[in-house]
Amino acid sequence: ERVVLFNGRDVLLSTENGINSLPLADEARDLLPKDAMLMAVGVMNGVVCCGTSVKLEDAIIPSGMSVMPTRIAFAESSVDIMNAVSRVREMTNWRRQHRLCGGCGMPLSFSDTDLALVCPQCGERYYPQIAPAVIVAITRNNRKELLLAHNKRFTDRTFGLVAGFVEAGEPVEQAVRREIMEETGITVKNIRYLSSQPWPFPNSLMLAFEAEWESGEAKPDGSELVELGWFTKETLPTIPAPGSIAHKVITQFFNL
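Report follows, based on the coordinates. These numbers come from a predicted model, not from an experiment.

## Remarks on the overall build of the chain
Turning to step 1, where the next piece is worked out: A tally of regular secondary structure across the chain gives five helices and 15 strands.
Turning to step 2, where the next piece is worked out: Within the chain, the fraction of its 256 residues that count as buried is 43%.
Turning to step 3, where the next piece is worked out: Put simply, the chain shows about 14,100 Å² of open surface, and 51% of that area lies on carbon and sulfur atoms.
Turning to step 4, where the next piece is worked out: The centroid of the 25 positive side-chain charges in the chain is displaced by 1 Å from the centroid of its 31 negative side-chain charges.

## Comments concerning the state of the cysteines
Turning to step 1, where the next piece is worked out: With the rule as written, the count across this model stands at zero disulfides.
Turning to step 2, where the next piece is worked out: No disulfide involves Cys 101; its sulfur sits 3.6 Å from the nearest other cysteine sulfur, which is in Cys 122.
Turning to step 3, where the next piece is worked out: Residue Cys 101 is classed as buried on the basis of its relative accessible area, which comes to 5%.

## Focus: helix H5 (residues 245–253)
Turning to step 1, where the next piece is worked out: Along H5, seven of the nine residues are buried, which leaves the element largely enclosed by surrounding structure.
Turning to step 2, where the next piece is worked out: Backbone geometry just after H5 places Asn 255 at a positive phi near 60°.

## Focus: the nonpolar core
Turning to step 1, where the next piece is worked out: Ranked by size, the top nonpolar core spans 43 residues in total, and within it Val 11, Leu 22, Val 85, Leu 146, Leu 148 and Leu 161 carry the most contacts.
Turning to step 2, where the next piece is worked out: Looking at this core, the element that brings in the most residues is helix H3 (residues 79–97), giving seven residues.
Turning to step 3, where the next piece is worked out: Discounting chain neighbours no more than four positions away, the residues touching Leu 146 are Ala 137, Ile 138, Thr 139, Leu 161, Gly 229, Trp 230, Phe 231, Ile 250, Phe 253 and Phe 254.

## Re the pairing of strand E13 (residues 187–199)
Turning to step 1, where the next piece is worked out: By the bridge criterion, ten bridges tie E13 to strand E14 (residues 204–215) in an arrangement that is antiparallel. Note on E14: the bridge partner recorded for Val 188 is Trp 213.
Turning to step 2, where the next piece is worked out: Remark: four residues form the turn of the hairpin made by E13 and E14, two consecutive strands paired antiparallel.

Basis of the calculations
- Residues numbered from 1 in each chain as written.
- Predicted model: local features only at pLDDT ≥ 70, side-chain atom pairs only at ≥ 80, totals over all residues.
- Heavy atoms only, no water.
- Helix = DSSP H or I, 4+ residues; strand = E, 2+ residues; numbered from the N terminus.
- Buried < 20%, exposed > 50% of the residue type's maximum accessible area, 1.4 Å probe, protein only.
- Areas by Shrake-Rupley, 256 points an atom, 1.4 Å probe, with all protein chains shown as cover.
- Lys, Arg positive; Asp, Glu negative; His and termini not counted.
- Charge placed at Lys NZ, Arg CZ, Asp CG, Glu CD.
- Disulfide = S-S within 2.5 Å.
- Core = buried A, V, L, I, M, F, W, Y, C linked by side-chain atoms within 4.5 Å.
- Contact = heavy atoms within 4.5 Å.
- Pairing = 2+ DSSP bridges.

What follows is the structure, given as structure tokens:
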């Protein structure tokens, strides 16, 4: 078995010759409390993967392993590892947040037939909840310019893409137009899907799009975005770190 152990927002990984992998359960056994409950979440390369949250602040980490922030782990790991870590984090959070039935209050148990938690009394079923979000590369001037935004939550001068959550009952294309209008005041056209990425902070699925500027002057909304700018390859500012879909979209757009 391979295990994914979380310490808050940090994750334990094995590293050999600069390549990260999930630790073997036997190698990480001493880090687990005696009452630890490992949750099996799937199979990767023929090996069962499990996960849980533990406290590692005072633990003696075995040689060849390290505890690192999940975002850094994403930047330095393969897509398979990123997806496995995302799945474990999202499913363990789901199980932690769904212990009792919201309808009758009875303890929930795992379904024998599908990925669900079932109430033994009323039969209500609870599935893992994923929050879809759109992230958009807005282009102008025959794709020579890209609109990038500085979010007030950023602690440095990083500029990223406009993004936001899809609302209930809303098609993703409509979410693209709405988020862009709300945050920048412009309208777009020619919306095109690019790619996706699970983003376990805590349970998002990022859906990346490209859209072409149509009308309006780009102005930050002031509540989420505090600065906007049209950038070329030559004037590109600091962008999100590797591992994020924003980094992937921006670097592919400019052929970096």
